[in-house]
Amino acid sequence: MELTRPNTASTSTARARRRFDANGMAVASFVLGLVGLLVMNIVLGPIAIGLAVLALRRGTVRRTRAFLGLGLGVADLVVLAVVMSTSNGSAWSIA
């Protein structure tokens with residue numbers, strides 16, 4: 001029976017891939033939060049918050065962008081609440 005060293009290449013590759021995914025999540029959360037300020041904030045705000053939290057948990061290098069995405073996602077929901085309260089419950093008007 002021969003003892004071999006565990007294959008560390010696959011674990012380092014998986015770690016690098018996970019960090020790359022986290023960086024993409026941070027950027028996506030920032031972009032979705034920014035777009036959500038203008039359109040579809042009820043959908044894009046929570047998605048931006050979720051992506052930012054996932055990116056931060058996975059240890060992204062772009063922490064500032066993830067925090068900006070988190071803040072913009074929360075701002076999306078605040079804008080939605082303000083618009084809904086000032087327009088008597090309807091954010092859009094057909095007429």
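Quantities reported herein were computed from a predicted structural model and do not represent experimental measurements.

What to know about the nonpolar core
- Judged by nonpolar contacts, Met25, Ala26, Ala55, Leu56 and Ala66 together constitute the single largest core of 5 residues.
- Apart from the residues lying within four places of it in its own chain, the contact partners of Leu56 are Arg63, Ala66 and Phe67.

With respect to unusual backbone geometry
- Positive phi, normally seen in glycine, also occurs at Met40, with a value near 50 degrees.
- Position of Met40 among the secondary structure elements: in the loop between helix H1 (8–36) and helix H2 (41–57).

Re the packing of aromatic side chains
- Scanning the model with the defined rule gives 0 aromatic pairs in all.
- Above the plane of the ring of Phe30 lies Arg65, whose end atom (NZ or CZ) is 6.0 Å from the centre.

Some remarks on H2
- Under the 1.5 Å per step criterion, the end-to-end length of H2 is 24 Å for 17 residues, consistent within 8% with the ideal 24 Å.
- The set of residues buried in H2 consists of Asn41, Leu44, Gly45, Ala48, Ala52, Ala55 and Leu56. Seen end-on, H2 carries its buried residues on one side only, within an arc spanning 105 degrees. Exposed residues on H2 whose side chains face more than 90 degrees from its buried face are Ile42 and Arg57.
- Gly59 sits one or two residues past H2 and shows a positive phi near 80 degrees.

Comments concerning helix H3 (residues 63–86)
- Taking 1.5 Å of rise per residue, the 24 residues of H3 would be expected to cover 34 Å, and the 34 Å separating its terminal C-alpha atoms lies within 8% of that figure.
- Taken as a whole, H3 has its buried residues at Ala66, Gly69, Leu72, Gly73, Asp76 and Leu80.
- Directly beyond the C-terminal end of H3, a positive phi value near 55 degrees is found at Asn88.

Focus on the side chain of Ser29
- Its place among the elements puts Ser29 in helix H1.
- Once residues within four sequence positions are removed from consideration, Ser29 is found in contact with Ala48, Leu51, Ala52, Arg65, Ala66, Gly69 and Leu70.

Comments concerning the confidence of the model for the chain
- The share of residues in the chain with pLDDT of 70 or more is 75%, and the mean pLDDT across the chain is 84.
- The secondary structure element of the chain with the lowest average pLDDT is H1, at 81, and the one with the highest is H2, at 94.

Reading the values: the criteria
Residues numbered from 1 in each chain as written. Predicted model: local features only at pLDDT ≥ 70, side-chain atom pairs only at ≥ 80, totals over all residues. Heavy atoms only, no water. Core = buried A, V, L, I, M, F, W, Y, C linked by side-chain atoms within 4.5 Å. Buried < 20%, exposed > 50% of the residue type's maximum accessible area, 1.4 Å probe, protein only. Contact = heavy atoms within 4.5 Å. Helix = DSSP H or I, 4+ residues; strand = E, 2+ residues; numbered from the N terminus. Phe/Tyr/Trp six-rings, centres within 6.5 Å; stacked < 30°, edge-to-face > 60°. Lys NZ or Arg CZ within 6 Å of the ring centre and 35° of its normal. Expected span 1.5 Å × (residues − 1). Arc of directions from axis to C-beta. pLDDT = per-residue confidence, 0-100.

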